[in-house]
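# An overview of the molecular structure
The lines below spell out each chain.
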Amino acid sequence: MAREFGRTQRVADYLRQELARLLQTGLRDPRIGMVSVNEVEVSRDLAHAKVFVTFMERDSEAAAKDLLDVL
């Protein structure tokens with residue numbers, strides 16, 4: 001029987017959940033506003049990850065810059 005999800009998918013799902021939790025509870029910066037972690041893509045060797053987010057309340061480019069400044 002084949003696995004339903006591979007290791008990279010499980011790691012990506014875990015990262016998505018943890019990043020969403022950290023942004024919700026640990027980030028108290030009014031410049032960022034409401035942010036949603038939509039998806040995480042992880043490379044096969046788990047060395048790199050792409051995180052896709054959505055900003056609810058303001059311009060996405062400015063909010064993304066502010067989020068990177070905070071992190």
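Located above this text is the structure these notes cover.
This text gives an overview of the structure that appears in the document. Throughout this description, residue numbers start from 1 for each chain and increase along the sequence as written. Thresholds applied to this predicted model are a pLDDT of at least 70 for local features of residues and 80 or more for the giving and counting of side-chain atom pairs; totals over whole chains, interfaces and linings are not thresholded and use all residues. Side-chain metrics in this entry use all non-hydrogen atoms of the structure; hydrogen atoms and water are not considered.

### Observations concerning the environment of arginine 58
The line we're drawing: To qualify as a helix, a DSSP run of H or I must reach at least 4 residues; to qualify as a strand, a run of E must reach at least 2; elements of each kind are numbered from the N terminus. Contact criterion: two residues are considered in contact whenever any of their non-hydrogen atoms come within 4.5 Å of each other.
One can find arginine 58 in the loop between β2 (49–55) and α2 (60–70). Counting along the chain gives 23 residues from arginine 58 to valine 35, while the straight-line C-alpha distance between them is 9.9 Å. Residues in contact with arginine 58, not counting those within four places in the same chain, are Arg31, Ile32, Ala63 and Asp66.

### Section: the pattern of salt bridges
What counts here: Note on definitions: salt bridges are taken to be side-chain nitrogens of Lys or Arg within 4 Å of carboxyl oxygens of Asp or Glu. Burial here depends on accessible area, computed with a 1.4 Å probe over protein chains only, as a share of the maximum for the residue type. Under 20% is buried, over 50% is exposed, and the range in between is partly exposed.
In this structure the tally under the stated criterion is two salt bridges. The partner of glutamate 18 in a salt bridge is arginine 21, and the shortest N-O contact between them spans 2.7 Å. Here arginine 21 and glutamate 18 lie together in helix α1 (residues 7–25), a separation of three residues that amounts to about one turn. For glutamate 18, a relative accessible area of 24% translates into the label partly exposed. For arginine 21, a relative accessible area of 40% translates into the label partly exposed. Put simply, lysine 65 and aspartate 69 hold a salt bridge, and the shortest N to O gap is 3.3 Å. Here aspartate 69 and lysine 65 lie together in helix α2, a separation of four residues that amounts to about one turn.

Note that all results are geometric; they support no functional claim without further evidence.
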